[in-house]
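The primary structure of each chain is shown beneath.
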Amino acid sequence: MNEEVNDTRARDRNLLDTASSQDKTEIQELAQEYLQFLRQNMTDRERVQWAITLLQKEGYAEFKMGQDAEVKPGTKFYYMNKSKSVLCGIVGKTQESLTVVGTHVDVPHVDLKPNFVNEQADQGCVTLKTHYYGGIKKYLFATTPLLMKINSMKDGKVLVQTIGDQPDDPVFTIPDLLVHLSQNQSERKMREVIKAEEMKVLAGSTKGEFTKFSDNFLKLLEERTGITKKDLPYCEFQLFPAYPPKYVGLDKSMIGASGQDDGICSFAAIKALQKLHAPEHTSVVVFHSYEETGSNGTAGAQSNFMSFALSDLMDKQHITSSKQRNIMSNSVAIAADVTALFDVNFPASHDRLTAAVLNKGVAIARYTGSAGKSGSSEAPVELIHKIIQNLKKKWFQMESMGINGGGGTTAKYLSQQLNCEVIDVGPGVMNMHSPFEVSSVYDLFATVQVYAQIMGRE
Ligand SMILES: [Zn+2]
């Protein structure tokens, strides 16, 4: 173990200040590209499609389960799964082990209910009824501009449309009670400052040619999207914060945007894969969805997609099933997810000796979970040494998430699917699950370096 990692004095050292000019150029370019990624890709479908578009340009071929394909060292491949998860990678020179970097592409947000158009007597407008997705502080989504993503079926394919991402586009918002009338609300506990049933969204306040606000809204929606009233319950409507991603701080050292959990790891994993050429071991990046609701379903990390796809890849290499099981068990897997950054306003919620700090590189967590490590998957000392032996000290910090709480990642599901050891590796994020999460441009850069180095391990 290197001597500086848990040395509190070293925590003052700022790695962005001491980065070489070559690294600083890469840090800036990466941050710029990351801002664009965040702006253009918010949903799981969009992030999967972003990866595929990028990979196809670089010669990655789509593999389908059960179909023959020529596979040799250096072959670049991807498997799609239900448009909401994807497994991609490069075939290695040896057949002993795999390296898997698993991220998630779903983001806490607000969904609309199947019958969401709501018009109550005397409310003076049309509102939309919602159902929130993932662990959020509900009050943070009130008085926030929200854009709308709409998934509908057109000619047998999913059509994705957005309202609210262009400068002249309207947005939507959940109203909150003015402070002058909030005497009763101010007595509520944090979880109930805004209750789930108080998350109705403002969507229009004119009737046009109709006698009802809702009819005018439906007409305008159809004009804009082609979706008719009878189609509404069969489409997916999702609301995300409409704040454009921005640099934070005069030195532009941080990035503020929603969807960085776990967009930053998904983006970094693909950038890391792009750095690889002919890895020793087959290197794989997998995007799962539904992490924020328990990793369930066919696109979640609890599904068999990952093991099915890896088995199929090895079938194509004519590897026997008993050897396949051995290869999977010998694999190294990274649960690539964000962790908590030390919050300057809530220092007591962190253990100062182990909290991740800005500009100190990617955080490596031996375990996650909460209370008595509940829900965790603990990495053994053998794996930690294997992971860090080739890493530069400036790229990582060892951390554990905090006190009074905690959270799980896909680590335990990756380890159960493959029967291999897994470790959590990802950058810290402040304001996690809020409409404006904050990360560090240096930590993003370090995350790419670390994932690339782990996937390229000898
Ligand atoms: Zn996450």
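Everything here concerns the structure above.
What you are looking at is a predicted structure, and each value in this text was computed from that prediction instead of being measured. (Residues numbered from 1 in each chain as written. Predicted model: local features only at pLDDT ≥ 70, side-chain atom pairs only at ≥ 80, totals over all residues.)

S.K.: Any chance you could break down the nonpolar core for me, citing the residues and the numbers?
M.R.: Taken as a class, soluble globular proteins show a tendency for nonpolar side chains to be buried jointly. Residues Ala-269, Ile-334 and Tyr-451 are the most contacted members of the largest nonpolar core, which totals 90 residues. Looking at this core element by element, the count peaks at 11 residues for helix H9 (residues 441-455). Filtering out sequence-adjacent residues up to four positions away, Tyr-451 remains in contact with Val-101, Ala-268, Ala-269, Ala-272, Ile-334 and Ala-336. Judged by nonpolar contacts, the second largest core, of 26 residues, contains Val-117, Leu-146, Ala-203 and Leu-239. (Core = buried A, V, L, I, M, F, W, Y, C linked by C-beta atoms within 7 Å. Buried ≥ 20, exposed ≤ 12 C-beta atoms within 10 Å, placed from the backbone. Helix = DSSP H or I, 4+ residues; strand = E, 2+ residues; numbered from the N terminus. Contact = placed C-beta atoms within 7 Å.)

S.K.: Please set out the sheet that holds strand S5 (residues 109-118) residue by residue, giving values where relevant.
M.R.: The strand order across the open sheet formed by six strands is S8-S7-S10-S5-S6-S9, and the pairing between neighbours is antiparallel. Every other strand in the sheet has two partners, leaving strand S8 (157-163) and strand S9 (201-204) as the edge strands with one partner each. Recorded for the sheet is a direction-independent mean angle of 35 degrees between the axes of neighbouring strands. Bridge count for strand S7 (residues 146-154) against S8 is seven bridges, and the pairing is antiparallel. (Pairing = 2+ DSSP bridges. Axes fitted to C-alpha atoms, helices over the stretch in contact; angles between N-to-C directions.)

S.K.: Give a detailed account of the packing of helix H1 (residues 21-40) against H9, specifying residues and quantitative values.
M.R.: For any two helices packed against each other, the geometry is given by the interaxial angle and the distance between the axes. Between H1 and H9, the shortest axis-to-axis distance is 9 Å and the interhelical angle comes to 100 degrees. Between H1 and H9, the crossing angle belongs to the class labelled roughly perpendicular. Across the interface between the two elements, Asp-23, Glu-26, Ile-27, Leu-30, Ala-31 and Tyr-34 of H1 pack against Val-441, Tyr-442, Leu-444, Phe-445 and Val-448 of H9. (Parallel < 35°, antiparallel > 145°, perpendicular 65-115°, else oblique.)

S.K.: For H1, give the residues involved together with the corresponding values.
M.R.: Each α-helix turn comprises 3.6 residues. Residues three or four places apart therefore point the same way. Over its 20 residues, H1 extends 29 Å from the first C-alpha to the last, a length consistent with the 28 Å expected when each residue adds 1.5 Å. By the burial criterion, the buried members of H1 are Ile-27, Ala-31, Tyr-34, Phe-37 and Leu-38. Along the axis of H1, the buried residues cluster in a sector spanning 125 degrees; they form a single face. Relative to its buried face, H1 has exposed residues pointing more than 90 degrees away, namely Ser-21, Gln-22, Thr-25, Glu-29, Gln-32 and Gln-36. Looking at the buried residues of H1, the elements they touch are helix H2 (44-57), strand S12 (254-257), helix H4 (260-275) and H9. (Expected span 1.5 Å × (residues − 1). Arc of directions from axis to C-beta.)

S.K.: Which residues make up the environment of Gln-95, and what are the values?
M.R.: Its place among the elements puts Gln-95 in the loop between strand S3 (85-90) and strand S4 (98-104). Classification of Gln-95 as partly exposed rests on a count of 17 C-beta atoms within 10 Å. Gln-95 sits 209 residues away from Asn-304 along the chain, and the two C-alpha atoms are 22 Å apart. Setting aside residues up to four positions removed in sequence, Gln-95 forms contacts with Gln-317, Ile-319 and Ile-327.

S.K.: An account of unusual backbone geometry is needed here, citing residue identities and associated values.
M.R.: With an omega dihedral of 15 degrees, the bond running from Asp-261 to Asp-262 counts as a cis peptide bond. Phi is positive for Asp-122, close to 70 degrees, though the residue is something other than glycine. Assignment of secondary structure puts Asp-122 in the loop between S5 and strand S6 (126-133). Accessibility expressed as a C-beta count within 10 Å gives 4 for Asp-122, which makes it exposed. Phi at Asn-359 is positive, roughly 60 degrees, even though this residue is not glycine. Inspection of the secondary structure puts Asn-359 in the loop between strand S15 (339-340) and strand S16 (362-365). In this structure Asn-359 comes out as partly exposed when scored by C-beta crowding, with 19 C-beta atoms within 10 Å.

S.K.: An account of the packing of H1 against H4 is needed here, citing residue identities and associated values.
M.R.: Axis separation between H1 and H4 bottoms out at 11 Å; the angle between their running directions is 125 degrees. It follows that H1 is oblique to H4 by the angle criterion. In terms of crossing hand, the pair formed by H1 and H4 is right-handed. Residues Leu-30, Tyr-34, Phe-37 and Leu-38 of H1 touch H4, and the partners they reach there are Gly-263, Phe-267 and Lys-271. Class assignment of the residues belonging to the contact of H1 with H4 gives a composition of five nonpolar, one polar and one charged. (Left-handed = near helix turned anticlockwise from the far one by under 90°. Nonpolar A, V, L, I, M, F, W, Y, C, P; charged D, E, K, R; others polar.)

S.K.: Could you give me a rundown of the sheet that holds strand S1 (residues 61-62), with the residues and numbers involved?
M.R.: Strand order in the open sheet formed by nine strands is S1-S2-S3-S13-S4-S14-S20-S16-S18, and the pairing between neighbours is mixed. Here the strands that pair on one side only, and so sit at the sheet edges, are S1 and strand S18 (396-399). As defined by bridge partners, S1 adjoins strand S2 (residues 76-81) across two bridges and the pair is classed as parallel. Bridging from a neighbouring strand, Ala-61 pairs with Phe-77 of S2. The sheet strands contacting helix H7 (residues 381-388) are strand S14 (332-335), S18 and strand S20 (421-426), and the helix crosses S20 at an angle near 50 degrees.

The values reported here are purely geometric and, on their own, carry no functional implication.
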